[in-house]
Structures are given as C-alpha cells and as structure tokens.
Amino acid sequence: MRIDVLTLFPGMFEPILGESIPGRAAAAGILELHAHDIRAWSQDKHRKVDDRPFGGGPGMVMMCQPLVDAVEAVERMDPRAACRVLLTPQGERLAQPRVEWLSRQPRLLMVAGHYEGIDERAIEELAPLEVSVGDFIVSGGEIPAMMLVDAVTRLLPGALGHEQSAAEDSFSRRDEEGRSLLDCPHYTRPREWRGRGVPEVLIGGDHAAIARWRHDRMLERTQQRRPDLRQRPLGGIPRPMSQTADGGQAQDAPG
Ligand SMILES: C[S@@+](CC[C@H](N)C(=O)[O-])C[C@H]1O[C@@H](n2cnc3c(N)ncnc32)[C@H](O)[C@@H]1O
C-alpha cells in the first residue's frame, strides 16, 4: 500500500513512523509512506499557506490553493487512485471497521489540518472521507494521521510477525452474532508476582479449556466496560461521506 500524507510538518512523521510496525512494514516493502510539505506548493514568495479568517475571529485558516495543488500534484506521482482522507474532529469517528476498509485500498492520501482548520471550499473541492480520532481537539492532524497510518499498517498482510495477529485484538474479535468484543486479560512470567497469581486454567495445558476461558472473559469484559458494543454493533460503517477518489472501486466493509 502507498500512503501519502500532506502536512505542514513532514518532519514529525520520520521519528514515529520509522520505528515499530510501520517502520518494519516500510523496510519489508509492504508500506510505502511519503510525507509532503504543503508549503512546497505555495505560490507566495514567503511560502505562506494560511491567512486570516473572513468575518474576523482568532486564528488562521489554511488557504485553498497550496493544499489543493499539493493534493493534485501528489496524486499524479503514482497511477494508483488514492482514497482521500481528511483528519478532522468533524468527521466520522474512527472505529476498527473503517480501519479495515481503509487497509483494503491500494492507496491513501491523508490531509492533516492545522490552525483553525481549512478553507471550506478546499474541502468541497477535494471531497475527502472525513475522519475524526475522537471527540476532542488536538492542535494538528499529524498525530491523528499517524494513528491512522499505524492502525491501517498493522492490518496489511505480513506487517505483523507470526507471533501477533490483528484478528485477536479488541474490536477485531467478534462474538457469534458478529458484534465486536474486547480482548481478554493476558499474563506472563512469573507465575506469582506481589502475591498475585495467574488463573489456573492458563497453566493447565488444556487448550480447549483455555479457549473457553478466554472467550468468557472477552464477553464479561465487553459487558462490564463497553456494554454499548453489545447493543450497537461496530460492524456497520456509515457510507463514505463523499465519493472516494478511486471512482467507486473502493469496497465497503460488510456491515
Ligand atoms: C485545532 S484543530 C481545528 C479545529 C476546528 N476549528 C474545529 O473546531 O473543528 C486543527 C487541526 O487538527 C486536526 N484535528 C484536531 N482534532 C482532531 C480530531 N479529533 N480528529 C482528527 N483530526 C483532528 C484537524 O486536522 C484540524 O484541522
């Protein structure tokens, strides 16, 4: 998969995404990640990319021209159609089914906003899928974009080592009716630590009993901590808020 990120701070991506799963995936050729500086497309002699808001008020607004030119130029760098994603607190709240859907696209192009946000006309022109990482505000779209890159990358075939499986994590686990589950608790050596033991069943060697115990803990935890998952399946994703850039080839995850 190819992922392009358009940002005012491309340097933020190198230290984080050079390490861990995205770093390994890039080294293995599973992920091709490019961070582009939107300022490179500014037509202003001071490389200005933002201006004061019409109507007054605090903060600056990212201008249409540098951003839209950047998106169009970056898209031309590769023949694969890119699914455009804008990180914004006003977007669809990110959940695992959408991450799974995004991980099946051949190419993603993420736009990280900054300041007060982006001129609305640029958003209308680009018609991206708008994604929020939660009901809170961070200063820029870079960290949300990194979260999304990481979440998508770990689902790419071959990105995780044999010892790990994304299918065993919270939200990817499903009960018999396809509803998302939280993961069970995990333990490792030593068998006793500060007076706390490990559930007997996990050291008994009975694999069927272990699987049953784990499944029961998942149900129990989900019921205790996230009863909403039992009532409202995470499985259905809303339709993309806009046409994807691949002319409709992108597939929705099964609801
Ligand atoms: C300070 S925020 C602007 C918030 C905007 N004025 C609003 O209230 O909707 C600057 C940028 O951070 C990013 N951002 C902030 N919170 C986010 C969230 N919860 N999810 C995704 N991106 C977020 C977006 O890219 C946004 O353009």
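Residues numbered from 1 in each chain as written. Predicted model: local features only at pLDDT ≥ 70, side-chain atom pairs only at ≥ 80, totals over all residues.

A. Just the site of the ligand, in detail. Taken together, 19 residues form the shell around the ligand, and within it Leu87, Pro89, Gly113, Gly141 and Pro144 come nearest. At 4 residues, strand β5 (residues 83-93) tops the list of elements feeding residues into the shell around the ligand. When grouped by side-chain class, the residues that make up the shell around the ligand number 8 nonpolar, 10 polar and 1 charged. (Near = placed C-beta within 6 Å. Helix = DSSP H or I, 4+ residues; strand = E, 2+ residues; numbered from the N terminus. Nonpolar A, V, L, I, M, F, W, Y, C, P; charged D, E, K, R; others polar.)

B. Structural view of the environment of His186. Examined against the element boundaries, His186 turns out to sit in the loop between α6 (142-153) and α7 (207-225). Judged by C-beta crowding, with 7 C-beta atoms within 10 Å, His186 ranks as exposed. Spatially, the C-alpha atoms of His186 and Leu202 are 9.7 Å apart, while their sequence positions differ by 16 residues. (Buried ≥ 20, exposed ≤ 12 C-beta atoms within 10 Å, placed from the backbone.)

C. Here's a closer look at helix α3 (residues 64-75). An ideal rise of 1.5 Å per residue puts 16 Å on 12 residues; α3 measures up with 17 Å between its terminal C-alpha atoms. All buried positions along α3 are accounted for by Pro66, Leu67, Ala70, Val71 and Val74. Buried positions in α3, seen along its axis, are confined to an arc of 125 degrees and lie on one side of it. Those residues of α3 hidden inside the fold are in contact with β1 (2-7), β2 (32-37), β4 (61-62), β5, β6 (107-112) and α5 (120-126). (Expected span 1.5 Å × (residues − 1). Arc of directions from axis to C-beta. Contact = placed C-beta atoms within 7 Å.)

D. Seen up close, helix α4 (residues 96-103). With 6 of 8 residues buried, α4 lies mostly within the body of the structure. When α4 is considered as a whole, its buried residues turn out to be Gln96, Pro97, Arg98, Val99, Trp101 and Leu102. In this structure, the buried residues of α4 make contact with β5, β6 and α6.

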